[in-house]
Amino acid sequence: MGLFAFLGCGSINGNREKTEAGAGGGVGGEEAGGTSPGGKDAEKDCSEGASAPGGKLREGVPDGAFPAPSADLRALFQSQAPMGENPPEFDYGDQSTIVFHGYFGLLVCRRAGEGWKVFRALDLKRLGADATQGDDYAVIDAGREAAYITPAYFAPGNENPVTYCYRYGADILWEQRGYESSRNDLLSWSYSHSMPVQARIDGQMESIPGLCRCSNVYPVNGIGGGAYGFLVSDGKLLESLRYGIYKEKEEQVELFPLFLEN
């Protein structure tokens with residue numbers, strides 16, 4: 001079952017046939033959710049700066065690293081950028097950090113007091129990784145500290161796709177050679193076992209006029225932890241995106257704005 005069966009925001013157009021078995025997961029995922037650097041070993045390699053072109057480190061930064069291009073969210077909002085044909089993908093979440101991506105970029109948001117704000121906004125288009133469907137679809141594996149980004153993974157003739165490692169804290173990128181993803185059970189659950197939770201969330205959202213869930217549901221306290229993160233929008237404008245948390249015990253949805261400072 002593909003990504004679109006899990007959405008609460010009306011019908012979505014697009015073709016994700018090649019990633020139905022691992023939507024949102026890593027390269028070569030074996031089942032729904034596939035693999036991702038949410039696994040400790042894979043994320044540790046990237047966040048510590050291992051295995052970059054040349055293999056040498058310069059004060060913890062690999063040779064060949066370069067500043068990450070930032071997405072201009074303000075310009076997108078001013079132009080009334082739409083949500084897009086395909087929904088954003090919720091890649092990672094915990095009590096202090098969430099990561100999601102779409103055609104607009106890869107966004108890292110962090111807890112700020114009682115709310116949330118954007119910490120990083122990576123311009124995926126500059127990497128050729130903004131495609132959300134078809135052969136040029138970019139496989140993105142994201143974790144708490146870093147993400148792996150593989151543009152045009154399914155493109156014909158792309159037998160040796162380039163994978164970039166993006167380290168959020170340093171806001172830098174480099175080519176990650178020999179990248180092998182590791183299984184992320186949380187993301188796998190998000191795409192293969194979360195339907196009962198999604199149904200309860202969508203039921204709660206019916207009482208909130210003009211907004212609906214528009215992403216997969218992610219267990220931010222771990223599987224069975226009782227708290228689930230997801231994205232909400234009005235189905236029209238990108239600027240309407242909010243972060244939602246469903247608390248299972250209280251049967252309550254809390255919504256948080258993300259772009260107050262943009």
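Above this text sits the structure in question.
Analysis parameters
Residues numbered from 1 in each chain as written. Predicted model: local features only at pLDDT ≥ 70, side-chain atom pairs only at ≥ 80, totals over all residues. Heavy atoms only, no water. Helix = DSSP H or I, 4+ residues; strand = E, 2+ residues; numbered from the N terminus. Buried < 20%, exposed > 50% of the residue type's maximum accessible area, 1.4 Å probe, protein only. Contact = heavy atoms within 4.5 Å. Areas by Shrake-Rupley, 256 points an atom, 1.4 Å probe, with all protein chains shown as cover. 1 Å grid on protein atoms, 1.4 Å probe; cavity = no way out; pocket = protein on both sides within 12 Å on 5 of 7 lines; lining within 4 Å. Points joined across faces, edges and corners; volume = space filled by probe spheres on them. Nonpolar A, V, L, I, M, F, W, Y, C, P; charged D, E, K, R; others polar. Pairing = 2+ DSSP bridges. Axes fitted to C-alpha atoms, helices over the stretch in contact; angles between N-to-C directions. Core = buried A, V, L, I, M, F, W, Y, C linked by side-chain atoms within 4.5 Å. Polar contact = N/O pair within 3.5 Å; in protein donor to acceptor, adjacent residues only side chain to side chain. Salt bridge = Lys/Arg side-chain N within 4 Å of Asp/Glu carboxyl O.

A.B. asks: Is there a simple way to explain the overall build of the chain in this structure?
C.D. replies: Each helix and strand in the chain was counted, giving four helices and 16 strands. The buried share among the 262 residues of the chain stands at 50%. Counted over contacts in the chain with a minimum sequence separation of 6, partners at least 24 positions apart contribute 55%. Looking at the chain as shown, the accessible area adds up to about 11,900 Å², and 46% of this sits on carbon and sulfur atoms.

A.B. asks: Looking at this structure, how should I read the layout of surface pockets?
C.D. replies: Over the atoms rolls a probe the size of a water molecule, and in doing so it shows where empty space is left. Space inside the largest pocket adds up to approximately 190 Å³. Lining the largest pocket we find 13 residues, and of these P161, V162, T163, Q176 and Y179 sit closest to its centre. Counted by class, the lining of the largest pocket contains five nonpolar, five polar and three charged residues.

A.B. asks: Would you take a moment to explain the pairing of strand 5 (residues 97-102) for this structure?
C.D. replies: Side-chain direction in a regular strand flips from residue to residue, so the side chains alternate between the two faces of the sheet. Of all six residues that make up strand 5, six are buried, and the element is covered over most of its length. Covered by surrounding structure in strand 5 are T97, V99 and H101 together with I98, F100 and G102, the residues of both alternating faces. Pairing between strand 4 (residues 89-93) and strand 5: four bridges, direction antiparallel. Across the sheet, residue E89 finds its bridge partner in strand 5, namely H101. Hairpin connection, strand 4 to strand 5: the antiparallel pair is bridged by three residues. As defined by bridge partners, strand 5 adjoins strand 6 (residues 105-112) across six bridges and the pair is classed as antiparallel.

A.B. asks: I tried to follow the sheet that holds strand 6 on my own but got confused; where do I start?
C.D. replies: Within a sheet, adjacent strands bond to each other through the backbone by hydrogen bonds, running parallel or antiparallel. Sheet architecture is open: four strands sit in the order 4-5-6-7, paired in antiparallel fashion. The strands lining the two open edges of the sheet, one partner per strand, are strand 4 and strand 7 (115-122). Shown here is a sheet whose adjacent strand axes are inclined to one another by a mean of 25°, direction ignored.

A.B. asks: What is the right way to look at unusual backbone geometry in this model?
C.D. replies: Residues apart from glycine generally show negative phi values, whereas peptide bonds are mostly found in trans. Even without being a glycine, D171 presents a positive backbone phi close to 55°. Its location among the elements puts D171 in the loop between strand 10 (164-167) and strand 11 (172-175). If you check the backbone angles, E251 has positive phi at about 50° while not being a glycine. Its location among the elements puts E251 in the loop between strand 15 (242-247) and strand 16 (252-257).

A.B. asks: Could you clarify how one ought to interpret the nonpolar core in this entry?
C.D. replies: Note on soluble globular proteins: their nonpolar side chains tend to be buried together. Counting residues in each nonpolar core, the largest one holds 46 residues, and the members touching the most others are F100, L106, L122, I149, L241, Y243 and L258. Beyond its immediate chain neighbours, meaning those up to four positions away, F100 contacts E89, F90, D91, G105, L106, L107, C109, L231, L241 and L258. Residues M205, V232, Y246 and V253 belong to the second largest nonpolar core, which totals eleven residues.

A.B. asks: Would you explain helix 3 (residues 185-192) in this entry?
C.D. replies: Counting along an α-helix, one turn takes 3.6 residues, and residues three or four places apart therefore face a common direction. Taken as a whole, helix 3 has its buried residues at L187, S188, W189, S190 and Y191. Where helix 3 begins, the side chain of N184 points an oxygen toward the backbone nitrogen of L186, at a separation of 3.0 Å.

A.B. asks: What am I meant to see in the sheet that holds strand 3 (residues 66-67) here?
C.D. replies: Strand order in the open sheet formed by five strands is 3-11-10-9-8, and the pairing between neighbours is antiparallel. If you trace the sheet from one side to the other, it starts and ends with strand 3 and strand 8 (139-142), each paired once. Sheet analysis places strand 8 next to strand 9 (residues 146-150), joined by four bridges and oriented antiparallel. Note on strand 9: the bridge partner recorded for V139 is T150.

A.B. asks: Please explain the pattern of salt bridges as it appears in this structure.
C.D. replies: For side chains bearing opposite charge, pairing can occur when the charged atoms are close. A complete count under the given rule lists six salt bridges for this structure. Ionic pairing is found between D94 and R144, a salt bridge with its closest N-O pair at 2.3 Å. Separated by 50 residues along the polypeptide, D94 in the loop between strand 4 and strand 5 and R144 in the loop between strand 8 and strand 9 bring together distant segments of the chain. Taking the relative accessible area as the measure of exposure, R144 reaches 31% and is therefore partly exposed.

Scope: geometric values only; no functional claims are made or implied.
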